[in-house]
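Fold and geometry: a report
As a plain string of letters, each chain reads:
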Amino acid sequence: MAVALIVAAGRGERLGSGSPKALVTLLGRPMLHWSVDSLRSVGTVTQIVVALPDGHLDGAPEGTIGVVGGATRSESVRAALATADAADVVIVHDAARPLASPELFERAIAELERSGCDAVIAAVRVADTIKEVADDGRTVRATLERSRLWAVQTPQVFRRTALERALAAPAAVLAAATDDAWLIERTGGVVRVTESDQANIKVTSPTDLRVAELLLAERVAGGAVAPGGAVAPGGAVAPGGAVAPGGAVAPGGAVAPGGAVPPGGAVAPGGAGR
Ligand code: CTP
Ligand code: MG
């Protein structure tokens, strides 16, 4: 049995949409709903708690529990955990990663159970060469050994006792944490990576939002973008290839920009959500 915490209480300043990032429309629905959908498909998840900005608790999707988040990401995790039911396994996920698949959540949970460690985190091998610079911020000091480097994402899956202990850290430590696994590491816990997918991007900038929309459209339509691949200027994607600029839609799987996609796949421009 597992509980899932989705942190969605950030302001989204770098996206600059004027509203909380997790509630920004992504392919016709609030971004947060895509993660909730994936988690609903994971059999062991019995409860989903969502940390939201103050004043936005009505953004909690049906069937989830909304709580007010904190001033920092880790404080939002702590607030959500305090509300969650008892369960041995806790999944923490950023609403800013709407492309996390049910299989990724399942793989992380399975690895936690198999390995007996304290936390399992989704991560991808680093493709770029990474260099460290000196205090002047420009002079290269070292080139890191790439084969050992992983770029870390969410989901991150924890044994509840380990996460509770880690989150008992002072506020300054919590504020310095860019992920929860680091809080486990600094208290001596064992953290393992599970290989994730480059498509599990974090939406930070307006460009990321467009990329996420494209990837989601492809997934929802049930296929890859056609070779020679029709992608309309407005962002529509059709697996079969046919795309009308401006968002008109071909039955059989095209996706309207800003338009929602019902389970069957046919789409109305600007159409209704599911
Ligand atoms: N988050 C949160 N509570 C906070 C800060 C962040 O729940 N006090 C969540 C965000 O909603 C997001 C995730 O943590 O799902 C990762 O944070 P980030 O991508 O930095 O999102 P924002 O903080 O919203 O964006 P920005 O830093 O650009 O303001
Ligand atoms: Mg932030």
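Reading the values: the criteria
- Residues numbered from 1 in each chain as written.
- Chains lettered and ligands numbered in written order.
- Predicted model: local features only at pLDDT ≥ 70, side-chain atom pairs only at ≥ 80, totals over all residues.
- Heavy atoms only, no water.
- Phe/Tyr/Trp six-rings, centres within 6.5 Å; stacked < 30°, edge-to-face > 60°.
- Lys NZ or Arg CZ within 6 Å of the ring centre and 35° of its normal.
- pLDDT = per-residue confidence, 0-100.
- Contact = heavy atoms within 4.5 Å.
- Near = heavy atom within 4 Å.
- Polar contact = N/O pair within 3.5 Å; in protein donor to acceptor, adjacent residues only side chain to side chain.
- Areas by Shrake-Rupley, 256 points an atom, 1.4 Å probe, with all protein chains shown as cover.
- 1 Å grid on protein atoms, 1.4 Å probe; cavity = no way out; pocket = protein on both sides within 12 Å on 5 of 7 lines; lining within 4 Å.
- Sits in = over half its atoms within 2 Å of the grid points.
- Nonpolar A, V, L, I, M, F, W, Y, C, P; charged D, E, K, R; others polar.
- Axes fitted to C-alpha atoms, helices over the stretch in contact; angles between N-to-C directions.
- Helix = DSSP H or I, 4+ residues; strand = E, 2+ residues; numbered from the N terminus.
- Parallel < 35°, antiparallel > 145°, perpendicular 65-115°, else oblique.
- Left-handed = near helix turned anticlockwise from the far one by under 90°.
- Pairing = 2+ DSSP bridges.
- Core = buried A, V, L, I, M, F, W, Y, C linked by side-chain atoms within 4.5 Å.
- Buried < 20%, exposed > 50% of the residue type's maximum accessible area, 1.4 Å probe, protein only.

The subject of this paragraph is the packing of aromatic side chains. Counted according to the given criterion, the structure contains zero aromatic pairs. Taking the ring centre of Trp-34 as reference, the NZ or CZ of Arg-29 above it sits at 4.5 Å. Positioned over the ring face of Trp-182 is Arg-186, at 6.0 Å from the centre of the ring.

Moving on, we come to the confidence of the model for the protein. On average, the protein scores 86 in pLDDT, and the residues at 70 or more come to 81%. Per-residue pLDDT stays below 50 along residues 224–274; that stretch engages in 86 contacts with residues further than four places along the chain or on separate chains.

This part covers the site of ligand 1. Looking at ligand 1, there are 18 residues lining it, with Val-7, Gly-12, Glu-13, Ser-76 and Lys-202 nearest. Here an oxygen atom of ligand 1 and a backbone polar atom of Gly-10 are 2.9 Å apart. The fraction of the free accessible surface of ligand 1 (560 Å²) that becomes covered by protein chains is 86%. Applying the majority rule of atoms within 2 Å of the grid points places ligand 1 in the largest pocket. Looking at the shell around ligand 1 residue by residue, the classes come out as six nonpolar, five polar and seven charged.

A separate point is the packing of helix H2 (residues 73–83) against helix H4 (residues 160–167). For the pair H2 and H4, the least separation of the axes is 11 Å and the interaxial angle reads 130 degrees. By the criterion of interaxial angle, the relationship of H2 to H4 is oblique. Viewed along their axes, H2 and H4 form a crossing whose handedness is left-handed. Seen from H2, the contacting residues are Ser-74, Val-77, Arg-78 and Leu-81; seen from H4, they are Arg-160, Leu-163, Glu-164 and Leu-167. For the contact of H2 with H4, the per-class residue count stands at four nonpolar, one polar and three charged.

Before going further, it helps to spend a moment on the sheet that holds strand S4 (residues 45–52). Spatially, the seven strands line up as an open sheet ordered S5-S4-S1-S6-S10-S7-S11, and their pairing is mixed. Among the strands making up the open sheet, the edge pair consists of strand S5 (65–68) and strand S11 (191–195). Averaged over all neighbouring strand pairs, the angle between strand axes comes to 30 degrees, with direction disregarded. Pairing of strand S7 (residues 119–125) with S11, which is carried by five bridges, proceeds in the parallel orientation. Paired with Ala-122 across the strands is Thr-194, a residue of S11. Across the sheet, helix H1 (residues 31–40) touches strand S1 (2–7), S4 and strand S6 (89–94), and the angle it forms with S4 is around 165 degrees. Sitting on the sheet, H4 is in contact with S1, S6 and strand S10 (150–159), with an inclination near 110 degrees to S10.

Turning to the nonpolar core, a few remarks are in order. Ile-6, Leu-32, Leu-39, Ile-48 and Ile-91 are the most contacted members of the largest nonpolar core, which has 27 residues in total. Secondary structure elements with two or more residues in this core: S1, H1, S4, S6, helix H3 (102–115) and S7. If we ignore the near neighbours within four places in the chain, the residues touching Leu-32 are Ile-6, Ala-8, Ala-22, Leu-23, Val-50, Leu-52, Gly-59, Pro-61 and Ala-95. The next biggest cluster of nonpolar side chains, apart from the first, holds 26 residues, and it includes Val-77, Ala-87, Leu-167 and Leu-183.

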